[in-house]
Amino acid sequence: MNDLAQLADVRWQLQMRILEEHMANGVRIMDPSTTFIDHGVTIGRGTEVLPCTVIRSGVTIGEDCEVGPFSHLRVGAVLDDRAEVGNFTEMKKSRLGPGSKAKHLSYLGDAEIGARANIGAGTIFANYDGVAKHRSVVGDGAFVGSGTIVVAPNEVPPGATTGAGAVLTRSASMQEGETWVGLPARKLQPKD
């Protein structure tokens, strides 16, 4: 390699080998020309990778998942079987449980998300406090409403729901099955 153009050509040839290996193992890559997958990524059979997706080294994706379009999966991202990550969603050091979905415009950083949970559009896991990063947990079957901000460390228990635009501060202490709304989020009281 004598210049940047030759380096780019070699990089592309290596990228095609990686993509071809995944396709030979049963991964459907819809547009190889816009899909970038690093060496050191594990993807299960039956998973579909949509256009304009970037998957970095250190990512594990289960079987029958859907990734993209325009997703960015960084080191430590884990998708269990049948999980779905969609448009403009970024994951880092997070697990998305079996059958769970984060389909639109979300940041999943340092989060443990259980089975069959739904992460609404525009959700942010605010994991950094200016000094350290903290983890948050979302339980099985939880529904995180669009535009929710989860300030870590925090927990959305199993079956719990946040309303659109809710901000769960560190002092939130949701219980299983509760619905929290507002800024800062508070428990929604049932009507009499």
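For the structure, check the block above.
Predicted, not measured: the structure shown is a model, and the values here were computed from it.

1. A short note on the pairing of strand β13 (residues 101–104)
Here comes step 1: Note that strand β10 (residues 84–87) and β13 share three bridges and pair parallel. Bridge pairing in β13 places Glu 84 opposite Lys 101.
Here comes step 2: With two bridges joining them, β13 and strand β16 (residues 118–119) adopt parallel strand pairing. Across the sheet, residue Ala 102 finds its bridge partner in β16, namely Ile 119.

2. Observations regarding the sheet that holds β16
Here comes step 1: What the ten strands build is an open sheet, ordered β1-β4-β7-β10-β13-β16-β19-β22-β24-β25; its pairing is mixed. Each of the sheet's edge strands pairs with one partner strand only, and the pair in question is β1 (28–29) and β25 (186–187).
Here comes step 2: Inspection of the sheet shows strand β19 (residues 143–144) paired to strand β22 (residues 161–162) by two bridges, in the parallel sense. What sits directly across from Val 144, in β22, is Thr 162.

Definitions and limits used
- Residues numbered from 1 in each chain as written.
- Predicted model: local features only at pLDDT ≥ 70, side-chain atom pairs only at ≥ 80, totals over all residues.
- Heavy atoms only, no water.
- Pairing = 2+ DSSP bridges.
- Helix = DSSP H or I, 4+ residues; strand = E, 2+ residues; numbered from the N terminus.

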